[in-house]
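Understanding the architecture of this molecule
If you want the building blocks of each chain, they are given just below.
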Amino acid sequence: MRVCAGVVCCVQARPFSPPKNCNASPPPAPLARAESSSSLSSTASLSAANTPTVGTSRGPSPVSLGSQDSLPIAVAFTESVNAYFKGADPSKCIVKITGDMTVSFPSGIIKIFTNNPSPAVLSFRLKNTSKLEQVLPNQQLLFSDPSQSDSNSKDFWLNMQALTAYLRKMSEQNPAVSYYNVDILKYQVSSSGIQSTPLNLAVYWKCSPSTTDVRVDYRYNPEALPSRASLSSIQVLVPVDGGVTSMQSLPAALWNAEQNKALWKMSDVSEKSENEGSGSLRAKFELSEGPSNPATLAVQFFSEGHTLSGVEMELVGTGYRLSLTKKRFTTGEPSSSN
């Protein structure tokens, strides 16, 4: 996440109320000469949906596969929330949420596919798809019926001949691994500005020739999540130029003199956190070559076991069983605009 020209994070849709138990001073006056801005960008590219990607994984302990057994597969959903906003104006927040679905196959399944000229077709249904505004299947491996009328589910099935050839090729390149991860489809999730971001942020700068004051307000946004997930490993990185000679911060931040950046590391944030997951980060910087220029703040976090879209996958038909489902969302890689 970036704030003030950075990665995933945004300003709330309505003015911030101070934390309930906060007796801190009012926010510094906004700068007249410059607005701070921030942005988020995703590492997932929808244009890559037609190119299958395969990774290798040790996976769980090896599974004994019999030709008459239902064959185990695992699925992972990984979503990236990317936002761009300027200062503390929620109307300028632009959000993009993308996702990837990966299916993991145990290496032993390749022999079963190869020895069976007509293996059972692997079919599945995506559920809770009403929030997906674009779904891009891997066209080399996946079929779908474009005439499906149910807006909340989509059915897919794999080209088993192409899948077998693809997995065989991967096993020749990586014969020692236990599992092969195949990128099956990508999707984009509909969003409604700042209301779609799990962590809302507003940033204020006050700059003078000798000092710079920065305040970052944050608020956990349960409305963006289908379940009350907690946000983990939150880091806020603030670049400050102007020749910083000293820093006072609350809570305590780390100053990197080589990179001219202040770093806050926060514990997990959720509705159960103090002040229902809202608070402020403040710092005052003494300068030798001021004034500073409002810059991009990078904010990063992730959440395991949840997605922002709420999408689910279920197998259709027989021959396979879902041994594991993993869900995760995270902030994208930063891109900035001042």
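You'll find the structure just up there.
Throughout what follows, the structure given in this document is the object of discussion. (Residues numbered from 1 in each chain as written. Predicted model: local features only at pLDDT ≥ 70, side-chain atom pairs only at ≥ 80, totals over all residues. Heavy atoms only, no water.)

A few words now on the packing of aromatic side chains. Under the counting rule described, the total for this entry stands at three aromatic pairs. Geometrically, the ring pair formed by Phe 124 and Phe 156 is stacked, given 5.4 Å between the ring centres and 25° between the ring planes. Residue Phe 124 is located in strand β6 (residues 123-127), and its partner Phe 156 is located in strand β9 (residues 153-158); the two are separated by 32 residues in the primary sequence. With a centroid separation of 5.7 Å and 55° between ring planes, the pair formed by Trp 255 and Phe 285 is classed as tilted. With Trp 255 in strand β15 (residues 254-256) and Phe 285 in strand β17 (residues 278-287), this residue pair connects regions lying 30 residues apart in the sequence. Against the face of Phe 302 rests Arg 328, its NZ or CZ located 4.7 Å from the ring centre. (Phe/Tyr/Trp six-rings, centres within 6.5 Å; stacked < 30°, edge-to-face > 60°. Helix = DSSP H or I, 4+ residues; strand = E, 2+ residues; numbered from the N terminus. Lys NZ or Arg CZ within 6 Å of the ring centre and 35° of its normal.)

Right, let's get into the nonpolar core. Counting residues in hydrophobic clusters, the biggest one holds 72 residues, and the most contacted among them are Phe 105, Phe 124 and Leu 185. Residues within four places of Phe 124 in sequence aside, it is in contact with Met 101, Leu 142, Lys 154, Asp 155, Phe 156, Leu 158, Ile 184, Leu 185, Met 313, Glu 314, Leu 315 and Val 316. (Core = buried A, V, L, I, M, F, W, Y, C linked by side-chain atoms within 4.5 Å. Buried < 20%, exposed > 50% of the residue type's maximum accessible area, 1.4 Å probe, protein only. Contact = heavy atoms within 4.5 Å.)

A few words now on the sheet that holds strand β12 (residues 211-220). Pairing is antiparallel across the open sheet formed by four strands, whose spatial order is β11-β12-β17-β14. Sheet topology places β11 (199-207) and β14 (244-250) at the edges, where each strand pairs with a single neighbour. Going from strand to strand, the sheet's axes swing by 15° on average, the running direction of each strand aside. The pairing of β12 with β17 spans nine bridges and is classified as antiparallel. Within the sheet, the bridge partner assigned to Arg 215 lies in β17 and is Arg 282. (Pairing = 2+ DSSP bridges. Axes fitted to C-alpha atoms, helices over the stretch in contact; angles between N-to-C directions.)

One pass over the structure, following the stated rule, counts nine salt bridges. Across the pair Lys 186 and Asp 100 runs a salt bridge, and its minimum N-O distance is 2.4 Å. One end of the pair, Lys 186, is in strand β10 (residues 179-189); the other, Asp 100, is in strand β5 (residues 94-106), and 86 residues separate them in sequence. With respect to burial, Lys 186 and Asp 100 carry one shared label: buried. Put simply, Arg 125 and Asp 155 hold a salt bridge, and the shortest N to O gap is 2.7 Å. (Salt bridge = Lys/Arg side-chain N within 4 Å of Asp/Glu carboxyl O.)

A separate point is a nonpolar patch on the surface. Taken together, Val 121, Phe 143 and Trp 157 make up a surface patch of nonpolar side chains, about 250 Å² in accessible area. Note that Val 121 resides in the loop between α1 (108-115) and β6. Overall, Val 121 belongs to the partly exposed group, its relative accessible area being 41%. (Patch = residues over 30% accessible without salt bridge, like charges linked within 9 Å, V, L, I, M, F, W, Y side chains within 5 Å. Areas by Shrake-Rupley, 256 points an atom, 1.4 Å probe, with all protein chains shown as cover.)

Function cannot be inferred from these measures alone, as they are strictly geometric.
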